[in-house]
Structures are given as structure tokens and as C-alpha cells.
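Take a look at the letters that make up each chain.
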Amino acid sequence: MKKKIFIALFLSLGLVIACSDSSDDTSGPQNIDKTPNLRAAGASANDILSNDNFDKLVIEIAYVPGFRPTPTSISNFEDYLRERTFKEDIEVIYNELPSPNEETLVLEEIRDLEDENRTQYNNGTTLAIYIYFADAPSDGDELDEGLVTLGAVYRNTSMVIYESTISELARRSAIVTVTDIETATLNHEFGHLFGLVNLGTPPINDHEGVQTDENDEPILDSNGIPLGNDHCNVDGCLMLAEIQFGSSTSRSLTSKGSVLTSPCALDGDSMLKILESRTAKGLAIVPVLDTECILDLQGNGGR
Ligand SMILES: [Zn+2]
Ligand SMILES: [Zn+2]
């Protein structure tokens, strides 16, 4: 009998410890399961595109003071979401954060900042997205050599925009504005969260580019099949492969000991050239998705 009481006491004590453990966690809303927001980029494509499981999007814009995106960029971005998904209820929440006081940032630091500061997670039929506007460039960027990163995706509902780099590029251009680069970067990176290309949304027709080595030869998998590069091979498309870093991606993400990888690190120099050449041709300055990418989205629950 004594033994039984002892065991019961021990068990309830264990429960108390377990409960107090979880109530110690003040980093986010109570009893919210964060794991659905901690998956790989592209894993929530169908949930973002269709209304089957979620009919509302909440977009948390986390930013360092002075690096908040322009209202026009966010309004353009919302238009893009309404155009390509069935979500009609879209809410944007701004979350001002102190500067991490870093000269450069690797994805792991950005992920850690998200873990500390993100306030919105999936809840009921609301799907939450987190976008961090950083005040420091991606680690490994070399501005004078034109090697700069505009943005990257690193989880199914998370991405980073290197706002200090965008401001700097816009300052150097007589034609392209901060809003142009912000809009193009937001729309491109979000294209990956839509699952493009072949990143959670299966291509209807084959239009994925291939990974190439420094000699421009395709990199093959163990079966001799060229590895895809998660981007589009249709000229003029918003998801075109040429606007992301090739081998330099691994460079910028492995320095500072980072092991986190992104399917995309958007190349600022190429983007600037594309935006400027579109203006010269009289086209709308920000590229749009081509018919192949749109077909894929429609095949996975999008518009
Ligand atoms: Zn990309
Ligand atoms: Zn495309």
C-alpha cells in the first residue's frame, strides 16, 4: 500500500514538473503546435494554394526599424497571393524587432531569430507565414563583385528578405526602385513556398532547370539523371533559374559553420539586370510567372 501511494505521488509529481515545464515556455502563444510550420520549403504548397485545409492567410512581417518594406510592395504581394491562390482572407501583421547587431547573417541565425520572435503559427483554418526583413546582408555576399543575395526560403512558411541589400541595389540604379526589387523578391521567394519548381508542386510539363557544375555541365544523380535546380527554364519567367546563385549558394550558406540549406538564394545582380532590361523593353518591371508555372499551381490547388 505504502509503495502504491509512493508511486502515485511520484507520478503526480512528474506531471507537475511536466506541466510547469511547458508553462515556462513564454516564447509563443500557449498550446500552439509549432511543428506544422517547421517543415521544408514547399511542403505546404497545397495548403497555401487551396482552401481545403486553410481558408485564411496571416502574413507576419518581422522587420528591423528602417528596413520595413514599402506599403506598395506589400500591396503588390497581396495582389499576387490573391491572383494565384484561392485565399481571399489575407491579414498582414507587422512585428518590429531590434537589430541583431550582426554584420552578416547566415540562415541558421535567421532561423534562430524566427524561433525567438515569431508570433504567428497555424491555428485552426488560418495558415501563418513569417517573412523577416533583415538589416544585414547574407553572409558571403560580395557587393563590389556583384555577388549579393536578395532573399531565401528556409522552411515551409518562412523566408528572409535582405532589405539592406535591396536598398543598396536600388541606390545604385537610376531606373529600379526599392519597391520594384522588394516586389520581385517577395513574389519569387513565395513562388518556392507555392512549391515551384518541382519543390512540393509536381510539374505538369517538364520545365525545371538542371543543376550545373563550374564547367556548365549538368550534375547527375546516382542514376545518371540530371539534378533539378528548383527553378524554371522558361525565358522571362519570375522563377527563372538564372536569377539564383548556382555554386555560390553553398558558399554563402556554409560559411560561419551553417548547415542549413535553402533551395534558393536570389542573386541581386541578375535580378537588377532583368528588371532594368524589362523597363528598356517597355514590359511591366516585375516579371510574372509563365504559363508552365501557373499550370503547375493550378494542378496543386491554386488559381
Ligand atoms: Zn529561387
Ligand atoms: Zn516558370
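As recorded in an unreviewed UniProt entry, the chain goes by Membrane metalloprotease and comes from Flagellimonas eckloniae.

Trainee: Where do I start with the coordination of the zinc ion (ligand 2) in this structure?
Mentor: Perfect tetrahedral coordination of a metal by four donors corresponds to 109.5 degrees between them, and perfect octahedral coordination by six donors corresponds to 90 or 180 degrees. In the first shell of the zinc ion (ligand 2), the protein supplies Cys232 (SG), Cys237 (SG), Asp290 (OD) and Cys293 (SG), at 2.0 to 2.3 Å from the metal. Going along the chain, you hit the donors of the zinc ion (ligand 2) in the pattern C-x4-C-x52-D-x2-C. Pair noted here: Cys232 is in strand β7 (residues 228–232) and Cys293 is in helix α9 (residues 291–299), with a separation of 61 residues, a long-range link. Classification of Cys232 by relative accessible area gives buried; the value is 1%.

Trainee: What is the right way to read the sheet that holds strand β3 (residues 126–134) from this model?
Mentor: Remark on secondary structure: sheet strands pair via backbone hydrogen bonds, oriented parallel or antiparallel. Spatially, the six strands line up as an open sheet ordered β2-β1-β3-β5-β4-β8, and their pairing is mixed. Edge positions in the sheet fall to β2 (89–96) and β8 (265–267), since each has one partner strand and no second. Between one strand axis and the next, the sheet turns through 20° on average, direction left out of account. Two elements, strand β1 (residues 56–63) and β3, share eight bridges in a ladder whose sense is parallel. Across the sheet, Ala62 pairs through a bridge with Tyr132, a residue of β3. Along the sheet, helix α5 (residues 163–172) makes contact with β3, β4 (149–155) and β5 (158–162), crossing β5 at roughly 35°. Packed on one face of the sheet, helix α6 (residues 178–193) meets β3, β4, β5 and β8 and runs near 25° to β4.

Trainee: What is the right way to read the coordination of the zinc ion (ligand 1) from this model?
Mentor: Ligation of the zinc ion (ligand 1) by protein atoms is provided by His188 (NE2), His192 (NE2), His231 (NE2) and Cys264 (SG), these donors lying 2.0 to 2.1 Å from the ion. Taken together, the four donor atoms coordinating the zinc ion (ligand 1) and their angles of 99 to 119° define a geometry best described as tetrahedral. The motif formed by the donor residues of the zinc ion (ligand 1), counted along the single chain, is H-x3-H-x38-H-x32-C. One end of the pair, His188, is in helix α6; the other, Cys264, is in the loop between α7 (248–254) and β8, and 76 residues separate them in sequence. Taken as a pair, His188 and Cys264 share a single burial class, namely buried.

Trainee: I would appreciate a short explanation of the packing of aromatic side chains in the present structure.
Mentor: Within the structure shown, the criterion is met by four aromatic pairs. A centroid spacing of 5.3 Å and a plane angle of 75° characterise the contact between Phe77 and Phe190, whose relative ring orientation is edge-to-face. Of the two residues, Phe77 sits in helix α3 (residues 71–84) while Phe190 sits in helix α6, which places them 113 residues apart along the sequence. On the basis of relative accessibility, which here comes to 2%, the residue Phe77 falls in the buried class. The interplanar angle of 85° and the centroid separation of 5.2 Å between the aromatic rings of Phe190 and Phe194 together place this pair among those described as edge-to-face. We classify Phe190 as buried; its relative accessible area is 0%. The exposure class assigned to Phe194 is buried, which follows from its relative accessible area of 0%. Each residue in the set Phe77, Tyr80, Phe190 and Phe194 is aromatic and connected to the rest through ring pairs, giving one cluster. For Arg68, the ring lying beneath its charged end belongs to Tyr94, and the centroid distance is 3.7 Å.

Trainee: It is not clear to me how α9 should be interpreted in this structure. Could you clarify?
Mentor: Helical periodicity: at 3.6 residues per turn, an α-helix aligns residues three or four positions apart in one direction. Residues of α9 that are buried include every one of Cys293, Ile294, Asp296 and Leu297, and no others. The arc enclosing the buried residues of α9, seen along the axis, measures out at 155°, which places them on a common side. With respect to the buried face of α9, the exposed residues turned more than 90 degrees away are Thr291 and Gly299. Those residues of α9 hidden inside the fold are in contact with α2 (45–49), α3 and β7. The residue sitting at the N-terminus of α9 and contributing the capping side-chain oxygen is Asp290; that oxygen lies 3.0 Å from the backbone nitrogen of Glu292. Looking one or two places after α9, you find Gly301, whose phi comes out positive at around 95°.

What counts, and where the lines are drawn
Residues numbered from 1 in each chain as written. Chains lettered and ligands numbered in written order. Predicted model: local features only at pLDDT ≥ 70, side-chain atom pairs only at ≥ 80, totals over all residues. Heavy atoms only, no water. Donors = N, O, S within 2.8 Å, 3.2 Å for Na, K, Ca; no water. Helix = DSSP H or I, 4+ residues; strand = E, 2+ residues; numbered from the N terminus. Buried < 20%, exposed > 50% of the residue type's maximum accessible area, 1.4 Å probe, protein only. Pairing = 2+ DSSP bridges. Axes fitted to C-alpha atoms, helices over the stretch in contact; angles between N-to-C directions. Contact = heavy atoms within 4.5 Å. Tetrahedral: all angles 85-135°; square planar, octahedral: opposite > 155°, others 65-115°. Phe/Tyr/Trp six-rings, centres within 6.5 Å; stacked < 30°, edge-to-face > 60°. Lys NZ or Arg CZ within 6 Å of the ring centre and 35° of its normal. Arc of directions from axis to C-beta. Polar contact = N/O pair within 3.5 Å; in protein donor to acceptor, adjacent residues only side chain to side chain.

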